[in-house]
Amino acid sequence: MDRVTLASTTHAEWIKFRTVRSTIMGYIVTILLTRGIGALITTAIRGHWRTMNPLDRLTFDPVSTSLGGTLFAQFAVGVIGVLFITSEYSSGSIRTTFAATPRRIQVVVAKLAVLISVTVVVAEVVVFVAFLLGQRIYEGVVPTASLASGAVLRSVILGGVYLTILATLGFGLGLILRQQSAAISVFTSLLLIVPIIVFVLPQSWQDSVTRYEPSSLGHAMMSTTAPLNMFGPWTATLLLLGYVAVVLVAGATLLVRRDA
Amino acid sequence: MISVEHLSKRYGDTLAVNDLSFEVRPGVVTGFLGPNGSGKSTTMRVIMGLDAPTSGHATIDGQRYRNLKAPLREVGALLDAAAVHPGRTARNHLLALATSNRIPVRRVEEVLEFTGIAAVADKKVGGYSLGMSQRLGIAAALLGDPPVLLFDEPVNGLDPEGIRWIRAFFRALAIEGRTVFVSSHLMSEMAQSADEIIVIGRGRFITQGTVDELTASADGTVLVRSADNVALRRLLETSGTTVDSANDGTMTVRGTSAEAVGTAALAAGIAIFELTPQRASLEEVFMDLTADAVEYASAVESTRHG
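### Some points on the interface of chain B and chain A
Here is step 1 of the chain: Taken together, the contacts link 32 residues of chain B with 28 residues of chain A.
Here is step 2 of the chain: A buried area of about 2500 Å², summed over both sides, lies between chain B and chain A, and 57% of it is on carbon and sulfur atoms.
Here is step 3 of the chain: Looking at the side of chain B facing chain A, the largest losses of area belong to L50(B), R88(B) and R102(B), adding up to 24% of the total buried there.
Here is step 4 of the chain: For the pair chain B and chain A, the interface holds 1 salt bridge.

### As for a nonpolar patch on the surface
All names here are of chain A.
Here is step 1 of the chain: On the surface, a cluster of nonpolar side chains totalling about 490 Å² of accessible area is made up of L192, I193, I196, I197 and V200.
Here is step 2 of the chain: For V200, the location among the structural elements is in the loop between α9 (180-199) and α10 (203-210).
Here is step 3 of the chain: On the accessibility criterion, V200 (68% relative accessible area) is exposed.

### Quick word on the pairing of strand β11 (residues 242-245) of chain B
Looking along a regular strand, one sees the side chains alternate between the two faces of the sheet.
Residue and element names in this part refer to chain B.
Here is step 1 of the chain: Where β11 and strand β12 (residues 251-254) come together, 4 bridges link them in antiparallel fashion. Opposite V243, over in β12, you have V253 as the bridge partner.
Here is step 2 of the chain: Counting the residues that bridge the hairpin from β11 to β12 gives 5 residues, and of these G249 lies at a positive phi of roughly 85°.

### Describing the pattern of salt bridges
Residues and elements named next belong to chain B.
Here is step 1 of the chain: The final tally for this structure, using the stated rule, is 20 salt bridges over all chains.
Here is step 2 of the chain: Here E110 and R106 are joined by a salt bridge, their closest N and O atoms 3.6 Å apart. Linking E110 with R106, this pair stays in helix α4 (residues 106-114), spanning 4 residues, or about one helical turn.
Here is step 3 of the chain: Residue E110 is classed as partly exposed on the basis of its relative accessible area, which comes to 36%.
Here is step 4 of the chain: What makes R106 exposed here is its relative accessible area of 54%.
Here is step 5 of the chain: R225 is paired through a salt bridge with E274; the nearest N and O atoms lie 3.1 Å apart. Taken as a pair, R225 in strand β10 (residues 221-226) and E274 in strand β13 (residues 272-278) lie far apart in primary sequence, 49 residues in all.
Here is step 6 of the chain: On the basis of relative accessibility, which here comes to 31%, the residue R225 falls in the partly exposed class.

### Structural notes on the nonpolar core
Here is step 1 of the chain: Ranked by size, the top nonpolar core spans 76 residues in total, and within it F171(A), I2(B), L150(B) and F181(B) carry the most contacts.
Here is step 2 of the chain: Of the residues forming this core, the biggest block, 12 residues, is contributed by helix α8 (residues 150-177) of chain A.
Here is step 3 of the chain: Apart from residues no more than four positions distant in its own chain, L150(B) is found in contact with I2(B), M44(B), I47(B), M48(B), V75(B), G76(B), A77(B), L78(B) and F181(B).

### Quick word on the sheet that holds strand β7 (residues 179-184) of chain B
All names here are of chain B.
Here is step 1 of the chain: Reading across the sheet, the 6 strands line up as β5-β6-β7-β3-β8-β9 and stay open at both edges, with mixed pairing between neighbours. A strand with exactly one partner marks an edge of an open sheet, and here the two such strands are β5 (75-78) and β9 (204-210). Sheet twist, expressed as the average angle between the axes of neighbouring strands with direction ignored, equals 15°.
Here is step 2 of the chain: Taken together, the 5 bridges between strand β6 (residues 148-152) and β7 define a ladder with parallel strand orientation. What sits directly across from F151, in β7, is V182.
Here is step 3 of the chain: Packing of helix α1 (residues 40-47) onto the sheet brings it into contact with β3 (29-33), β6, β7 and β8 (196-201), and relative to β7 it is tilted by some 150°.
Here is step 4 of the chain: Contacts between helix α5 (residues 130-142) and the sheet are confined to β5 and β6, with β5 contributing the most and set at about 170° to the helix.

Calculation rules
- Residues numbered from 1 in each chain as written.
- Chains lettered and ligands numbered in written order.
- Predicted model: local features only at pLDDT ≥ 70, side-chain atom pairs only at ≥ 80, totals over all residues.
- Heavy atoms only, no water.
- Contact = heavy atoms within 4.5 Å.
- Buried area = accessible area lost by both parts, 1.4 Å probe.
- Salt bridge = Lys/Arg side-chain N within 4 Å of Asp/Glu carboxyl O.
- Patch = residues over 30% accessible without salt bridge, like charges linked within 9 Å, V, L, I, M, F, W, Y side chains within 5 Å.
- Areas by Shrake-Rupley, 256 points an atom, 1.4 Å probe, with all protein chains shown as cover.
- Helix = DSSP H or I, 4+ residues; strand = E, 2+ residues; numbered from the N terminus.
- Buried < 20%, exposed > 50% of the residue type's maximum accessible area, 1.4 Å probe, protein only.
- Pairing = 2+ DSSP bridges.
- Core = buried A, V, L, I, M, F, W, Y, C linked by side-chain atoms within 4.5 Å.
- Axes fitted to C-alpha atoms, helices over the stretch in contact; angles between N-to-C directions.

Put into structure tokens, the structure is as follows:
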């Protein structure tokens, strides 16, 4: 019968997602950063490739360098995730949302479904574009990679997966903190400030701690040549998913218990 | 029908609602009256399943809100008119709500037309006046054509024409047999738009009844003008009533009836020129009723601080 289902809630959340400008702007910025910064990085490498030292040339990864823009785009997708939930609190519309769908977990699952489906499509398209664009810039001067290689294909795909997971991390932080500025600050701190704090630790600690940082996991996911002291691509993916799962479960638990 | 049973809600140190029980019947407009901060909004949020009660419960036709299958088809509510994403248009806001509860899309157009905001439906809600937001909130409440409706301070921000419209609208909803529950802190508003009134103060139930019942239950006054006000006053005061004199030669007598005043004047041989029994206004009744709750609360506070 005509009852609220996960499908109807998801459809409603899709309408809400696409009818605010911040979502569209967020994805435009994601695309511009991934492509634009990727093009800048690859052009710069091409420019001084001949003067680069031999060790750097030896460990050079044409895939992860062409996907370098994701390290900037990750903030844009994070903000999309944060805003998808915190804008409901800042405007007060969360009450209307829960009045329409009293099963709050259903709202969380519906929002996640919308956020993940849209982000994964945009992110995968843009990482493939950035990869191909980067290889074209490298061509003739710098060694290039081909999607015919399984490791290369995996790295590019995981680049899009990385961005998608970070969007859900932003969403999870928004669930817990309910306030846009707080959630964005924590998100940025996790990606930027934590590595700086780790940097002041003794060298032996740094090596073991650094590889657990979200940005290092992202680097590991997008690398064809396993970088030193880093996890393999699949382990890194699982670890990152684990972090986000913890944040989402905490956020959903709070959402159900707290007054709206 | 809305039932609230022994409902209490505590936020930290504050007991916002204190053992509140009442029922709201279908077919009439029920006013929910209390001073600001008396717990009206909290009670409505608990009814809507938004805030969890500390103890007790609220049900709609016997069901908890969170167990309703398609809530917007069963309960419509206007709690906070401004609570819409400012960057979204009214049409898209209503479309998302309708979609979530599988309400046909044509209902969106119907409620937009009905509330008179169809012309601005494609404008962002952030630019709406309070009155327009209020109409959008009413449109959202009506979307599922629900038998039970809650409105929290719906008159705020409406112009006089809007207020007249909304009163007639509440009346029409009630005549259709719906349960209409409207909160306000203004007694004058309630006197004109509600059939039955529930009065609360400081989170506690004070009284429930029709406007007539509430005003009848309060002590009335008698307006009197006589040939010798001074003598009549002395006479009335010795029999334990209070008398206020006005400059226009009239006196207001409390705690007695027009019959008693007339009989006393005849016995004393004082000619009566005017004798009018006066009913307490709803406003006076409300002040009397809530004064106790306020005094009680401030007494508690002064003991705590003292």
